[in-house]
Amino acid sequence: GARPAGPRLASAFGDTVVWNWHPYAELQATLSWWESDTAYHWILSWDGIAQIGGEQLVFNDFKLVEATESKDGTLGFWFVYGIEYSPDPIFQWEWHIDTSGNFSLTAGVPDEGWHIVLEVNSDDTGTISYYEDNQIELRAAWNADGSGQWWEYENGSIVDSGSWV
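Each chain has its residues counted from 1, running along the sequence as written. Residues qualify for local features only when their pLDDT is at least 70, as the model is predicted, and side-chain atom pairs are given and counted only at 80 or more; totals for whole chains, interfaces and linings, by contrast, use all residues. Side-chain numbers come from the whole structure's heavy atoms, not from hydrogens or water.

**Details of the overall build of the protein chain**
Within the protein chain, the secondary structure is distributed over zero helices and 13 strands. Helices and strands in the protein chain line up, N terminus first, as β-β-β-β-β-β-β-β-β-β-β-β-β. Taken over the C-alpha trace, the protein chain has a radius of gyration of 21 Å; the compact-globule value for 165 residues is 15 Å, which it surpasses by more than 25%. If one aligns the C-alpha atoms of the protein chain with their principal axes, the spans along those axes are about 55 × 40 × 40 Å. The cut-offs for exposure are 20% and 50% of the maximum accessible area for each residue type, with area from a 1.4 Å probe on protein chains only; residues under the lower value are buried, those over the upper are exposed, and the others partly exposed. With 165 residues in all, the protein chain has 28% of them scored as buried. For the protein chain, restricting intrachain contacts to residue pairs at least 6 apart in sequence, the fraction spanning at least 24 positions comes to 10%. Each accessible area is a Shrake-Rupley result for a 1.4 Å probe, and residues are judged covered by the shown protein chains and nothing else. Accessible area for the protein chain stands at about 10600 Å²; split by element, carbon and sulfur atoms hold 52% of it. Only four residue types enter the tally: Lys and Arg on the positive side, Asp and Glu on the negative side; His and the chain ends are excluded. In plain terms, the charge of a residue is placed at NZ if it is Lys, CZ if Arg, CG if Asp and CD if Glu. A gap of 15 Å separates the mean positions of the 5 positive and 26 negative side-chain charges of the protein chain. Here a strand is any run of E in DSSP of at least two residues, a helix any run of H or I of at least four, and the numbering for each starts at the N terminus. Our radius of gyration is a C-alpha quantity, and the globule rule it is checked against amounts to 2.2 Å times the number of residues to the power 0.38. Here, residues are in contact when the closest pair of their heavy atoms is within 4.5 Å.

Here it is, written out as structure tokens:
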């Protein structure tokens, strides 16, 4: 049988590589990848017309996803943009590894004020925190041996807590 057409290499001139494909008949998706002195970058964009959720939407070189990662792998981000053409991301994911090998990740929805912060230290300890309306709601911390504690918050104050071994 016939296979659907997948992404096609559109160009590889200069420092940018571009792939194009059509997820809908009148919509072209474009994935652009390039390298700078210090990082790798890519952008997924849409151009054309698509029927989504029973609605006809028109995209004019709309940036759907943008990502960057440093060449040494110590930091990066993903930004996902909404189809309402907001210039601000609707979801973001950012990470960093410091010179001691400690990893931190923040992921969330900036406009709605919720996000998760994960910190994993090189000594196998760490924390994870959950925020709603930019206020902490839950937090857990663990030790290298796997034991740890957790806290639940309401309006910034601890309302419950516990531990595990």
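Next comes the rest of the account.
**Examining the pairing of strand β8 (residues 103-109)**
The two faces of a sheet get side chains in turn, since along a regular strand they alternate between them. Bridge analysis of strand β7 (residues 91-97) against β8 gives six bridges, and the strand direction is antiparallel. In the strand pairing of β8, glutamate 94 is matched with threonine 106. Whether two strands pair depends on DSSP finding at least two bridges between them. Here β7 folds back onto β8 in antiparallel fashion, the turn holding five residues, of which glycine 101 has a positive phi close to 90 degrees. Relative to strand β9 (residues 114-120), β8 runs antiparallel, the two being bridged by seven bridges. Along β9, the bridge assignment pairs phenylalanine 103 with valine 120.

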